[in-house]
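What the coordinates show
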Amino acid sequence: MPQVIRYTKGSIIYFPEDRDERVFILQNGIVILTTIDVETAQPATKQIKDGEFFGVKSAIGHFPREETATALTDSTVIALTIAEFEDLFNNNKQIIMKMLRVFSNQLRQLHKKTESILNDVTESQQSGMYAVAKSFYDDGQYVSCCDVCLRFLKLYPQHPRKDEITKMYTTAHLRIGKTRQTMHNDTAADEAESSATLQLFLLPAFERFSKLYEPGNVIICEYETGDSFYLIQSGRVQLIKSVNGVRKNLDILKAGEFFGEMAILDNSPRTATCVAIGHVKCLEFNKANFELLMTGEPSMALILLRLFCKRIYEQNRRVRILVIKDLQARIADVFLMLDEMNPVMNPNERQRRFNVTITDLARWAGLPLDVTRDEVNKFVERRKIEVYDTYILVINIADMKRIVDTRQGVRTDGAGSRWNAVT
């Protein structure tokens, strides 16, 4: 049963870093959410209006709170358990679409923040798509390069660099045969996966939405305009972002997960390239039937909402790394992020093994490879880490936290690590 709670003027409903799996609705009064912008170190506030939700992402995603919620006047709020919120969400089409659009916009803004910090100066969709194609070509990913080149030529047939793109496509196409011989479809285990999401789409009626992709095929390309989104039925899909001509691996999605939904919700260009790893089968849904699908299958919309919560939290965490000025602290915070993403069975265990390379660290930290290598060598000389061909061993993860805390300064309110007030 939802609980009605009354807060007097000046009361704190929750603090940053609190773990509280309740969702709140403001019934009356004034509540503000306060964070600290990680770039400017200035407070950012958002006022909650009567009838609005707050505390959703941290509750649904099972993450610590990211803001301080304060009652500016005597206020009344309704506190919902996760189950109560999900029941309300599932039965209100207006709430479903509004919340999905709000979260999509927040994720979009975080992507823009990341690009700004990394000084991504791409001037247009055309130059951006060209950079994506070139990055695939330079890395020997010729199947992906050809796919992006063909999309570019279809979208911009009269572009001044048409001949250059055509030549790149021709050269890459000639090299595909040798590359494909080394590709394996390692998704057998994934095809055996089953999830609550997939169970919704086993009916024959959904087969008309089915699409098959070969290894290396580009399913969607960064910078192109999006008019469809996808559910992976089998196989794996890699999310890649091009930053100043360098490909950055964002994530690997498996059966039962969505991608491409942001462009559907806010009518803007794609923010990442999605590439098939091995053979992939997807269901493709277009913009016209997206809302019908979301409101007709609330359980699917709820899964998508949880996915937004997860991606927003993770992207926010990456932004926090990129704004650290001290390079040793920045590298140390990458190790802390990896530890958060891959929790160990015994948290008291000091040693951590991360299956990453120095190149991976450079991409996470947004630093040139040579700079990252120099900073990593400092850790090695102080016997803080050991570097191997395919993994890095952190001798004591607590050392990484001490480096971040001492070089950045510890903020006791926890707000210093947050950016952008959220609901």
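Keep in mind it's a predicted model, so treat the numbers as computed, not measured. (Residues numbered from 1 in each chain as written. Predicted model: local features only at pLDDT ≥ 70, side-chain atom pairs only at ≥ 80, totals over all residues. Heavy atoms only, no water.)

Remarks on the overall build of the protein chain
Secondary structure assignment for the protein chain yields 15 helices and 17 strands. Relative to its 423 residues, the protein chain shows a buried fraction of 53%. Taking all contacts inside the protein chain whose residues are at least 6 apart in sequence as the whole, residues at least 24 apart take part in 77%. Summed over all atoms, the accessible surface of the protein chain reaches about 20200 Å², with 51% contributed by carbon and sulfur. (Helix = DSSP H or I, 4+ residues; strand = E, 2+ residues; numbered from the N terminus. Buried < 20%, exposed > 50% of the residue type's maximum accessible area, 1.4 Å probe, protein only. Contact = heavy atoms within 4.5 Å. Areas by Shrake-Rupley, 256 points an atom, 1.4 Å probe, with all protein chains shown as cover.)

Quick notes on the sheet that holds strand S15 (residues 352–354)
To summarise the sheet geometry, strands pair through backbone hydrogen bonds and adopt either a parallel or an antiparallel arrangement. Read across the sheet, three strands follow the order S15-S17-S16 without closing on themselves; strand pairing throughout is antiparallel. This sheet does not close on itself; its edge strands, each paired only once, are S15 and strand S16 (385–387). For this sheet, the mean angle separating the axes of adjacent strands, direction not counted, is 15°. Direction of pairing for S15 relative to strand S17 (residues 392–394): antiparallel, over a ladder of three bridges. Bridging from a neighbouring strand, Arg353 pairs with Leu393 of S17. The strands touched by helix H12 (residues 327–341) are S15, S16 and S17; relative to S15, the strand with the most contacts, the crossing angle is about 95°. (Pairing = 2+ DSSP bridges. Axes fitted to C-alpha atoms, helices over the stretch in contact; angles between N-to-C directions.)

With respect to the packing of H12 against helix H14 (residues 369–381)
The contact between H12 and H14 brings their axes to 10 Å, and the two run at 80°. It follows that H12 is roughly perpendicular to H14 by the angle criterion. Together, Leu327, Gln328, Ile331 and Ala332 of H12 and Val371, Thr372, Glu375, Lys378 and Phe379 of H14 make up the contact between the two elements. When its residues are assigned to classes, the contact of H12 with H14 shows five nonpolar, two polar and two charged. (Parallel < 35°, antiparallel > 145°, perpendicular 65-115°, else oblique. Nonpolar A, V, L, I, M, F, W, Y, C, P; charged D, E, K, R; others polar.)

Notes on the pattern of salt bridges
By the definition in use, this model includes 18 salt bridges. Where Glu314 meets Lys310, a salt bridge forms, and the shortest distance between an N and an O atom there is 3.1 Å. With a gap of four residues between them, Glu314 and Lys310 both fall in helix H11 (residues 298–322), about one helical turn apart. Note on Glu314: relative accessible area 17%, which makes it buried. The salt bridge involving Lys401 is made with Asp405; its shortest N-O contact spans 2.8 Å. Here the residue Lys401 and the residue Asp405 both occupy positions in helix H15 (residues 397–408), the gap between them amounting to four residues, near one helical turn. Judged by its relative accessible area of 47%, Lys401 falls in the partly exposed class. Linked through salt bridges whose partners overlap, the residues forming this network are Asp20, Arg22 and Arg65. (Salt bridge = Lys/Arg side-chain N within 4 Å of Asp/Glu carboxyl O.)

Section: the confidence of the model for the protein chain
If pLDDT is low for a region, its predicted coordinates should not be looked at in detail. Chain-level pLDDT for the protein chain is 83 on average; 88% of the residues reach the 70-or-more range. Scored below 50 in pLDDT, residues 181–194 shows 23 contacts in the model against residues more than four places distant or in partner chains. (pLDDT = per-residue confidence, 0-100.)

Overview of the layout of surface pockets
Roughly 760 Å³ of volume is contained in the second largest pocket. Those elements that provide at least two residues to the lining of the second largest pocket are strand S11 (228–243), strand S12 (246–253), H11, H12, S15 and helix H13 (358–365). Each residue belonging to the lining of the second largest pocket can be placed in one class, and the counts come to ten nonpolar, five polar and 13 charged. (1 Å grid on protein atoms, 1.4 Å probe; cavity = no way out; pocket = protein on both sides within 12 Å on 5 of 7 lines; lining within 4 Å. Points joined across faces, edges and corners; volume = space filled by probe spheres on them.)

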